[in-house]
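Residue-level structural notes
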Amino acid sequence: MAQQWFTSDLHLGHRFVASLRGFDTVEEHDAAVLDGLRDTLSAGDIVWMLGDLSCGDTADEDRALDLLADVLTAAGATADLIAGNHDSCHPLHRGAHLRQRRYLEVFRSVQAYQKLRWEDQDVWLSHFPRPGRDHEGMESRYDELRLDVPRLIHGHLHSDAPDTGPGMVDVGVEAWGLRPVAQSDVADVVFDRA
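In this text, all values refer to a predicted model and were calculated from it rather than measured experimentally.

Some details on the pairing of strand S5 (residues 113–118)
As defined by bridge partners, S5 adjoins strand S6 (residues 121–126) across six bridges and the pair is classed as antiparallel. Following the sheet pairing, lysine 115 is matched in S6 by tryptophan 124. Following S5, the chain reverses through two residues before pairing antiparallel with S6; glutamate 119 in that reversal takes a positive phi of roughly 50 degrees.

In structure tokens form, the structure reads like this:
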């Protein structure tokens, strides 16, 4: 049966992030992240990717998009993108509108955020956590782009644990063993049932 999945912060081709995650090479890192997708996705599945597919460099970004297209096609899955600060199609970048077409070759939709309805509750998807929240020890950036909503599924923080505050869940790969997470598991955290 088809499922809905969530993930964020793949950072394919991103040498610094690969090193932070304990990989000796970008190739080893990318293979592990892509294997997580391959091992999880099946025909008919939908995966919401909440941004930062690569490091923002056009060549690395195009490589990441090609790799993702191959994985999605092989699995028979569909993907929607909530763009992150490292994605050139995010509206925080002046030329974002010029990169939309390239992203739409891989993703069914590309947007800055999205509202879903789960269990008669609004649940928002954004790359960013709520305003004022950022990487440990860093001043919060992009607060003008962040949603201040009761239930928020996000990435950006590279959290080791998915629960990042009341009604918030980080679906970044660090919190989920380099794999996408199922909607039911996200709902357990966002509705504080875990």
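Quick notes on the UniProt feature "domain: Calcineurin-like phosphoesterase" (unreviewed entry) in the protein chain
Under the UniProt annotation, "domain: Calcineurin-like phosphoesterase" (unreviewed entry) lies at residues 8–159. Secondary structure content for residues 8–159 is 32% helix and 18% strand, and the end C-alpha separation is 11 Å.

Re the sheet that holds strand S4 (residues 109–111)
Taken in spatial order, the five strands line up as S4-S3-S2-S1-S10 in an open sheet, and their pairing is mixed. The sheet terminates laterally at S4 and strand S10 (181–182), the two strands that pair on one side only. Inspection of the sheet shows strand S1 (residues 4–7) paired to strand S2 (residues 46–49) by four bridges, in the parallel sense. Residue pairing in the sheet places tryptophan 5 in a bridge with valine 47 of S2.

Quick notes on the environment of histidine 158
Note on placement: histidine 158 falls in the loop between strand S7 (152–154) and strand S8 (163–165). Classification of histidine 158 by relative accessible area gives partly exposed; the value is 22%. When the C-alpha positions of histidine 158 and aspartate 35 are compared, they lie 19 Å apart, and in sequence the two are 123 residues distant. Those residues in contact with histidine 158 that lie beyond four places of it in its chain are Asp9, His11, Val17, Arg21, His135, Asp170 and Glu174. Reaching out from histidine 158, the side chain makes a polar contact with the side chain of histidine 11 at a distance of 3.4 Å.

Calculation rules
Residues numbered from 1 in each chain as written. Predicted model: local features only at pLDDT ≥ 70, side-chain atom pairs only at ≥ 80, totals over all residues. Heavy atoms only, no water. Pairing = 2+ DSSP bridges. Helix = DSSP H or I, 4+ residues; strand = E, 2+ residues; numbered from the N terminus. UniProt positions renumbered as here; feature names shortened; annotations may be inferred. Buried < 20%, exposed > 50% of the residue type's maximum accessible area, 1.4 Å probe, protein only. Contact = heavy atoms within 4.5 Å. Polar contact = N/O pair within 3.5 Å; in protein donor to acceptor, adjacent residues only side chain to side chain.

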